[in-house]
Amino acid sequence: MEVKFLSKELKTLYQTGSSKKYKNVPLQVVRKFARAVDLLSAATKIQDIWEFPGYRFKHLEGNKMYSMRMDITWRLEMEIEWINNDCTIGIIGLDDLTKHYGD
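Residues numbered from 1 in each chain as written. Predicted model: local features only at pLDDT ≥ 70, side-chain atom pairs only at ≥ 80, totals over all residues. Heavy atoms only, no water.

Colleague: Looking at this model, I keep getting lost on the nonpolar core. Mind explaining?
Modeller: Generally speaking, soluble globular proteins have nonpolar side chains that are buried together. Core analysis: the biggest nonpolar cluster contains 28 residues, and Met68, Met70, Leu76 and Leu97 have the highest contact counts within it. Secondary structure elements with two or more residues in this core: helix H1 (8–16), helix H2 (27–42), helix H3 (46–50), strand S3 (65–69), strand S4 (74–82) and strand S5 (90–99). Leave out the neighbours within four places in its chain, and leucine 97 touches Leu10, Leu13, Tyr22, Val25, Val29, Met70, Trp74, Arg75 and Leu76. (Core = buried A, V, L, I, M, F, W, Y, C linked by side-chain atoms within 4.5 Å. Buried < 20%, exposed > 50% of the residue type's maximum accessible area, 1.4 Å probe, protein only. Helix = DSSP H or I, 4+ residues; strand = E, 2+ residues; numbered from the N terminus. Contact = heavy atoms within 4.5 Å.)

Colleague: Would you mind showing me how to read the pattern of salt bridges here?
Modeller: Any two side chains of opposite charge can pair, so long as their charged atoms come close to each other. Using the criterion set out here, one finds four salt bridges in the structure. The salt bridge involving lysine 4 is made with glutamate 2; its shortest N-O contact spans 4.0 Å. With relative accessibility at 41%, the residue glutamate 2 sits in the partly exposed group. As a salt-bridge pair, lysine 45 and aspartate 48 come within 3.1 Å of each other at their nearest N and O atoms. Overall, the relative accessible area of 35% leaves lysine 45 in the partly exposed class. The exposure class of aspartate 48 is buried, given its relative accessible area of 15%. (Salt bridge = Lys/Arg side-chain N within 4 Å of Asp/Glu carboxyl O.)

Colleague: Please clarify how the side chain of glutamate 77 should be interpreted in this entry.
Modeller: Considering the arrangement of structural elements, one finds glutamate 77 in strand S4. A polar contact of 3.2 Å, which involves the side chain of glutamate 77, links it to the side chain of threonine 98. Contact partners of glutamate 77, with chain neighbours within four places excluded, come to Met65, Tyr66, Ser67, Gly93, Leu94, Asp95, Asp96 and Thr98. (Polar contact = N/O pair within 3.5 Å; in protein donor to acceptor, adjacent residues only side chain to side chain.)

Colleague: Would you mind going over the packing of aromatic side chains with me for this structure?
Modeller: One pair of aromatic rings is described through two measures. These are the centre distance and the angle between the planes. Taken as a whole and assessed by the stated rule, the structure comprises four aromatic pairs. Plain terms: the ring middles of tyrosine 66 and tryptophan 82 are 6.1 Å apart, the flat faces sit at 85° to each other, and that makes the pair edge-to-face. Here tyrosine 66, found in strand S3, pairs with tryptophan 82, found in strand S4; they are 16 residues apart in sequence, far enough to count as distant. Overall, tyrosine 66 belongs to the buried group, its relative accessible area being 12%. Linked through ring pairs, Phe5, Tyr14 and Phe33 together constitute an aromatic cluster. (Phe/Tyr/Trp six-rings, centres within 6.5 Å; stacked < 30°, edge-to-face > 60°.)

This is the structure in structure tokens:
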């Protein structure tokens, strides 16, 4: 699927492994984030992402956002603009890498 970065800092983190905004993100999270972006780019449909349960891909209740877990406290948040009626193919807009605690 097509992946777009909605945040310049997030794109910089992906391309270089560091960013001013994300300077406190642990190295193992940065590495998993890069693998997640590659996975999203390689996916042809949303079901491809579900084949990797370690990312815990899910729809966030109450809004149009989705998330993938990077570890116990960090998640990648994204929007998906569906381009087919079945909502299986879309353009993924990567929004933010956030720190949170639990679900």
